Protein chains: 2
Amino acid sequence: MTQETIAAETFEATGDFPIDELLSDGITNTPPSFVRAILKAASDPNVTSFAGGLPNPISFPQEDLLESMQRVVSEHGAEAFQYSATAGLAGLRAWIANRYNKRFGTDYVADDVLITTGSQQVLDLLGKVLLDKGDGVIVEKPTYLAAIQAFALHQPVFREVELTEDGLNIDELNAALDAGAKMIYLIPNFQNPTGLTYSAEGRRQVREALADRNIVVVEDDPYGELRFEGESLPYIGGTALPHGVIMGSFSKTVTPGFRMGYLLTKDHELLKKLNTAKEAADLHTNVFSQFVILDYLTHHDLDEHLVKIRDLYRTQAAAMTDAMEEYFPEGVSFTKPEGGMFLWATLPEGISTMDLFDKALERNVAFVPGDPFYAEPGKRSTMRLNFTNADEETIRDGIKRLAEVIAEAL
Amino acid sequence: MTQETIAAETFEATGDFPIDELLSDGITNTPPSFVRAILKAASDPNVTSFAGGLPNPISFPQEDLLESMQRVVSEHGAEAFQYSATAGLAGLRAWIANRYNKRFGTDYVADDVLITTGSQQVLDLLGKVLLDKGDGVIVEKPTYLAAIQAFALHQPVFREVELTEDGLNIDELNAALDAGAKMIYLIPNFQNPTGLTYSAEGRRQVREALADRNIVVVEDDPYGELRFEGESLPYIGGTALPHGVIMGSFSKTVTPGFRMGYLLTKDHELLKKLNTAKEAADLHTNVFSQFVILDYLTHHDLDEHLVKIRDLYRTQAAAMTDAMEEYFPEGVSFTKPEGGMFLWATLPEGISTMDLFDKALERNVAFVPGDPFYAEPGKRSTMRLNFTNADEETIRDGIKRLAEVIAEAL
């Protein structure tokens, strides 16, 4: 059948039809991602960018994944290309449950797992399922900016609790809980943006504060497998609190391009609602990619693959902190992460890292100013630095130039 | 590094922590998909199921897609596995714009296109960007049930407008517009669930009624390329109205497993907000699959591939309508679709197809009762039948048994 070409009519005036009148309150209150805007500015090949959040391509097992694709087509055929179940592939859900059980001595089963389109989608689903306008949500201060974005759509009240070297400021946490909140959102390992990790004692204190509260306890853990120093610590909630939710992802361990995340929870009433929200959001996650990831995990030892990534990130993190110790002027402090992809520098109060950004860009070095990582708007003297996407030489050189920019501003 | 196994603590009582108190009003008002529940009941291999909505596997060019995967890995490498732009691959967006321009004489460009995680995600994004609690949204009566689900999360007021053989009941449409609505959601070609297609005159009438209104006009067109009779007709809105949005998908033409949908709109203010909502929902759509689809479309003639699908569906639709003419008792009417995957049968008033469902299942034949396709709850005497997933013999035999069940109920 040939398709005829029909000249479409075109409307004339648009001035009479303002879209503003049609937009929801939620979207009007939701900021576009500042990082994504910055990444454009930092994409000039002459710029040493510590602004990104990209895993190193060493983490993508490209050829192994291609082999898995061939096996999936030959072993599963049409099933891998057809519509599929909202919850995700049973085999992949079981693999994830087993992995957590092995690592943490938990008793998760496949039915405790929901496969999502990146772990970003978990944030979207949690916002939908829990938050009405004005509801309280507790977040770390600072926190992951795309979580602020996902929750903001529902116009909640953000209750920020100061992040410390060990975890949370417990007095602030109790005050936030007393003020009321449906959900607390935490990133206990190598936090984005700070690189901080809750200590065993810090976790215990937070768990204790939450134990007699009716609240959904969300722990976002995209980097948990990327610990390059120290020992893994148990979650705060997980199976230890009634509404514990753990978020995970294959983005930092296999590939972010597949958008493959997941959540684990023993709260099946909550899970059922998250499943309904998932169904309405995109029916199910790319099932071909689910088959490919499962095949890859079945035919390869993930732990062997992770060693490569951890070794690289350990070296890169050390290159950055060593250079900071050498070049950064007095009065600037920074974190020393035990894993993950980021660290956090704090300048003397009163120095706006947002103002510093353009000056750094003139010297061909980029970072993310602290501002977008706080639910409360305001000028900040902090910055996030990513260490996973440059070699040691480039890191050293970039930090040196950044140090000069900072020194001039002091 | 070895991961130690730490015995997790487990909570004791849950009774004191009711999740109901924490759930949002939105999710409490959102029904889980009735069809997905039904599909389980109909998955018994002995059941002839007309309840599904699955494209025929003939539409999946598995081997060609596998070849594309090999090319993508060798030509693009890490880029195809890394994080990517929210809007989608520029090349794929340009391909889509050109396809529409060729078919409809429009002037879309790549920047008018947003790639989404299935076209279901477009519904999710539109709901977020436009609907606050109590806002009006106009839908066809009946309409696509997952659109009701996606919009319901925002607690809008659904204004249903009767679908006719030619399009919409214009008096009802004007009344709905007068009552107020931010969006009208239409499926002009081989509608799901009815299989009806708006005539050229029907489209003109609807366009005229909408022309002086400030409203987002959404046309969902997943089956547009699957016309097996008659000629393509221009969209109602598209480029012809200021806030026209066209929704499309590769689910019915290449593969649903990849969850690859898109929207086109010339309204860049609206598009910018949809982009922000997309960013917060899942950052971007699976970029490896975007590369694969683009490579496939570049190396193959989609029109040649579509001929196969259309020929099969034409035969299957004819088998179903022929059998219905032969076996269905008097008083039952049904649509004769010019494309797509579904047709719609209407029984005499007062007969509940929901009550009929269990009786049909006893005779090993399944359909979807009309009830979930209406925004307004109530018992219906209509049913949706899918014709794309059984051979002619099976269709004929299944319709015969269904006719017997109906005859007994009359």
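All figures in this text were calculated on a predicted structure; none of them were measured in a lab.

1. A closer look at the overall build of chain A
Phase 1: Helix and strand content of chain A: 13 helices and 13 strands.
Phase 2: For 410 residues, the compact-globule estimate of 2.2 N^0.38 gives 22 Å, and chain A sits close to it at 22 Å.
Phase 3: Its C-alpha atoms put chain A at 65 × 65 × 50 Å along the principal axes.
Phase 4: Counting the 410 residues in chain A, one finds 64% classified as buried.
Phase 5: Intrachain contacts of chain A at a sequence separation of at least 6 include 75% that bridge at least 24 residues.
Phase 6: Here chain A displays about 14300 Å² of accessible surface, and carbon together with sulfur accounts for 47% of that area.

2. Here's the deal with the sheet that holds strand 10 (residues 342–346) of chain B
All names here are of chain B.
Phase 1: Spatially, 4 strands are ordered 9-10-13-12 in an open sheet, and the strand pairing comes out antiparallel. Looking at which strands have only one partner, the edges of the open sheet turn out to be strand 9 (333–334) and strand 12 (368–369).
Phase 2: Pairing analysis gives 2 bridges linking strand 12 to strand 13 (residues 382–386), with the strands arranged antiparallel. By the bridge assignment for strand 13, Pro369 is matched with Met383.
Phase 3: Contacts from helix 11 (residues 302–327) reach strand 9, strand 10 and strand 13 within the one sheet, and its direction differs from that of strand 10 by about 15°.

3. Describing the domain arrangement of chain A
Residues and elements named next belong to chain A.
Phase 1: Split into domains, chain A comes out as domain 1 (24–60 + 304–409) and domain 2 (82–299).
Phase 2: Facing 36 residues of domain 1, the contacting portion of domain 2 comprises 33 residues.
Phase 3: In this structure, the connection of domain 1 to domain 2 is made through 2 salt bridges.
Phase 4: Between Glu338 and Arg227 there is a salt bridge, and its shortest N-O distance comes to 2.7 Å.
Phase 5: On inspection of domain 1 and its partner domain 2, the count reaches 14 residue pairs in polar contact (both at pLDDT 80 or more).
Phase 6: Of all the elements in the fold, those that place two or more residues in the side of domain 1 that touches domain 2 are helix 1 (25–28), helix 11 (302–327) and strand 10 (342–346).
Phase 7: Looking at which element gives the most residues to the side of domain 1 that touches domain 2, the answer is helix 11, with 7 residues.

4. A look at the sheet that holds strand 9 (residues 333–334) of chain A
Residue and element names in this part refer to chain A.
Phase 1: Overall, antiparallel pairing links the 4 strands, which are arranged 9-10-13-12 in an open sheet. One side of each edge strand has no neighbouring strand; the edge strands of this open sheet are strand 9 and strand 12 (368–369).
Phase 2: Across the sheet, helix 11 touches strand 9, strand 10 and strand 13 (382–386), and the angle it forms with strand 10 is around 15°.

5. Observations concerning helix 10 (residues 287–299) of chain A
Because an α-helix completes one turn every 3.6 residues, residues spaced three or four positions apart along the sequence face the same direction.
Residues and elements named next belong to chain A.
Phase 1: Counted at 1.5 Å a residue, the expected span for helix 10 with its 13 residues is 18 Å, and the 18 Å between its end C-alpha atoms agrees.
Phase 2: Among the 13 residues that make up helix 10, 11 are buried, leaving the element largely enclosed by the rest of the structure.
Phase 3: Inspection of helix 10 places Val287, Phe288, Ser289, Gln290, Phe291, Val292, Ile293, Leu294, Asp295, Tyr296 and Leu297 among the buried residues, and these make up the whole buried set.
Phase 4: With a side-chain oxygen lying 3.3 Å from the backbone nitrogen of Phe288, the N-terminal cap of helix 10 falls on Asn286.

6. Overview of the interface of chain A and chain B
Phase 1: Taken together, the 110 residues of chain A in the interface contact 110 residues of chain B.
Phase 2: Around 9600 Å² of area is buried between chain A and chain B when both sides are counted, 58% of it from carbon and sulfur atoms.
Phase 3: For the interface between chain A and chain B, the tally reads 2 salt bridges.
Phase 4: In this structure, Lys128(B) and Asp124(A) form a salt bridge, with 2.6 Å as the shortest nitrogen-oxygen distance.
Phase 5: If you look at where chain A meets chain B, you find 42 residue pairs in polar contact (both at pLDDT 80 or more).
Phase 6: Counting only elements with at least two residues in the side of chain A that touches chain B, the list comes to helix 1, helix 3 (62–76), helix 4 (90–104), helix 5 (120–130), helix 6 (145–152), helix 9 (268–282) and helix 10 of chain A.
Phase 7: At 9 residues, the largest contribution of residues to the side of chain A that touches chain B is made by helix 9 of chain A.
Phase 8: Class assignment of the residues belonging to the side of chain A that touches chain B gives a composition of 49 nonpolar, 34 polar and 27 charged.

Each value, and the rule that gives it
Residues numbered from 1 in each chain as written. Chains lettered and ligands numbered in written order. Predicted model: local features only at pLDDT ≥ 70, side-chain atom pairs only at ≥ 80, totals over all residues. Heavy atoms only, no water. Helix = DSSP H or I, 4+ residues; strand = E, 2+ residues; numbered from the N terminus. Rg over C-alpha atoms; globule rule 2.2 N^0.38 Å. Buried < 20%, exposed > 50% of the residue type's maximum accessible area, 1.4 Å probe, protein only. Contact = heavy atoms within 4.5 Å. Areas by Shrake-Rupley, 256 points an atom, 1.4 Å probe, with all protein chains shown as cover. Pairing = 2+ DSSP bridges. Axes fitted to C-alpha atoms, helices over the stretch in contact; angles between N-to-C directions. Domains from an automatic or database assignment. Salt bridge = Lys/Arg side-chain N within 4 Å of Asp/Glu carboxyl O. Polar contact = N/O pair within 3.5 Å; in protein donor to acceptor, adjacent residues only side chain to side chain. Expected span 1.5 Å × (residues − 1). Buried area = accessible area lost by both parts, 1.4 Å probe. Nonpolar A, V, L, I, M, F, W, Y, C, P; charged D, E, K, R; others polar.

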